[in-house]
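The chain contents come next:
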Amino acid sequence: MSESSGFIPYSPPRISHVDGLTAGRALYDRLDRRRSVRYFSEDPVPREMIEIAIRTASTAPSGAHMQPWTFAAISDASIKRQIREAAEEEERVSYEGRMSEEWREALAPLGTDWQKPYLETVPWIVVLFAQTFGHHPDGSKKKHYYVKESVGIAAGMFIASLHEMGLATLTHTPSPMGFLSDILGRPANERPYILFPVGYPTPECVVPDLSRKPLDQVSVWFEGTVEK
Ligand code: IYR
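Residues numbered from 1 in each chain as written. Predicted model: local features only at pLDDT ≥ 70, side-chain atom pairs only at ≥ 80, totals over all residues. Heavy atoms only, no water.

Colleague: Help me understand the environment of glutamine 115 in this model?
Modeller: With respect to the helices and strands, the residue glutamine 115 is situated in the loop between α4 (101–107) and α5 (118–121). Since its relative accessible area comes to 39%, glutamine 115 is described here as partly exposed. Between the C-alpha atom of glutamine 115 and that of arginine 84, which follows or precedes it by 31 residues, the distance is 8.7 Å. (Helix = DSSP H or I, 4+ residues; strand = E, 2+ residues; numbered from the N terminus. Buried < 20%, exposed > 50% of the residue type's maximum accessible area, 1.4 Å probe, protein only.)

This is how it looks when you write it as structure tokens:
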């Protein structure tokens, strides 16, 4: 390795298979209890919890380490109201015509419709923007790579962090989402990616009775023989 390579040692402690499995199973058990929520309490959520979730998300790997994301965190009541009104208008048009019959049927078990009252009452809305490109210090365009993949991974880590803190969210994607750029005054290089309402579920919260695909439906294996 050349002297000027800018590398530093990386040697995380090696843990045993047994301890690794215990940790992995514990995380799986916790994440398996996560559900997308549409009934949010108005109970406050400290700003620091949102900060931690954004920092956690920003540990995600990204194309050429460009970290091509911006998290817009909103607790301002008038902005939340504007987002609700604009989202409901787009969703109403979608549910009443833009969405195909097949799509509406696929959504039926979720019990969703165009109304999103929680967008106004939830303590935080976090809008994740994907940066299609960045800027060099001189203002010229800087290329970003694998933006959708990178931002998708960050979104997953954001969701996991919220869940670990006892918070709930929903991956809401009103379509089209351009109104979020307008309301939040975001620049042209940022595309709305997912809108996350963040808060605690109400005591009366219900979720659809869904199950997850078993391992054999989400994986294929090509195993070699391990020498003992
Ligand atoms: N964006 C709409 C519709 C919707 C679409 C999918 I795909 C979902 O998994 C859930 C909802 C809405 O939020 O209601």
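Colleague: Hey, could you run me through the pairing of strand β1 (residues 69–74) in this one?
Modeller: Successive residues of a regular strand alternate their side chains across the two faces of the sheet. Burial analysis of β1 places five of its six residues in the buried class, which makes it a mostly covered element. Here β1 pairs with strand β2 (residues 124–131) via six bridges, running antiparallel. Opposite isoleucine 74, over in β2, you have isoleucine 125 as the bridge partner. (Pairing = 2+ DSSP bridges.)

Colleague: Honestly, the sheet that holds β2 in this entry has me stumped. Any pointers?
Modeller: The pairing of strands in a sheet comes from backbone hydrogen bonds and takes either a parallel or an antiparallel form. Across the sheet, four strands lie side by side as β1-β2-β6-β5; this open sheet has antiparallel pairing. Of all the strands in the sheet, just β1 and β5 (168–169) have a single pairing partner and so form its edges. Along the sheet, helix α2 (residues 47–57) contacts β1, β2 and β6 (190–199); its crossing angle with β1, the most-contacted strand, is approximately 170 degrees. Relative to the sheet, helix α6 (residues 147–164) contacts β1, β2, β5 and β6, its axis offset from that of β6 by approximately 10 degrees. (Contact = heavy atoms within 4.5 Å. Axes fitted to C-alpha atoms, helices over the stretch in contact; angles between N-to-C directions.)

Colleague: Can you help me understand the site of the ligand in this one?
Modeller: For the ligand, the full set of nearby residues is Arg38, Glu91, Tyr95, Trp103, Leu107, Leu110, Thr112, Asp113, Lys116, His172 and Thr173. Between the ligand and lysine 116, the relevant distance is 2.5 Å, taken from an oxygen atom to a side-chain nitrogen or oxygen of the residue. Between the ligand and the protein, one listed contact pairs a nitrogen atom with a backbone N or O atom of threonine 173 at 3.4 Å. Protein chains shield 72% of the accessible area of the ligand, which is 380 Å² for the free molecule. (Near = heavy atom within 4 Å. Polar contact = N/O pair within 3.5 Å; in protein donor to acceptor, adjacent residues only side chain to side chain. Areas by Shrake-Rupley, 256 points an atom, 1.4 Å probe, with all protein chains shown as cover.)

Colleague: Can you walk me through the nonpolar core in this structure?
Modeller: Within soluble globular proteins, side chains that are nonpolar generally end up buried alongside one another. Of all hydrophobic cores here, the largest spans 23 residues; its most connected members are Trp69, Phe71, Val126, Leu128, Phe158, Phe196 and Val198. Of all elements in the fold, only α2, β1, β2, α6 and β6 reach the threshold of two or more residues within this core. When residues in this core are grouped by element, the largest group, seven residues, is from α6. Not counting residues up to four positions away in its chain, the partners in contact with tryptophan 69 are Ala57, Ser58, Ala60, Pro61, Ser62, Leu128, Phe129, Gln131, Ser150, Val151 and Ala154. (Core = buried A, V, L, I, M, F, W, Y, C linked by side-chain atoms within 4.5 Å.)

Colleague: Please clarify how the packing of helix α1 (residues 17–32) against α6 should be interpreted in this entry.
Modeller: The packing of two helices is summarised by the inter-axis angle and the distance between the axes. Running from N to C, α1 and α6 cross one another at 90 degrees; their axes reach a closest spacing of 10 Å. In terms of orientation, α1 and α6 fall into the roughly perpendicular class. Facing Leu27, Arg30 and Leu31 of α1, the residues of α6 in contact are Ala160, His163 and Glu164. Class assignment for the residues of the contact of α1 with α6 results in three nonpolar, one polar and two charged. (Parallel < 35°, antiparallel > 145°, perpendicular 65-115°, else oblique. Nonpolar A, V, L, I, M, F, W, Y, C, P; charged D, E, K, R; others polar.)

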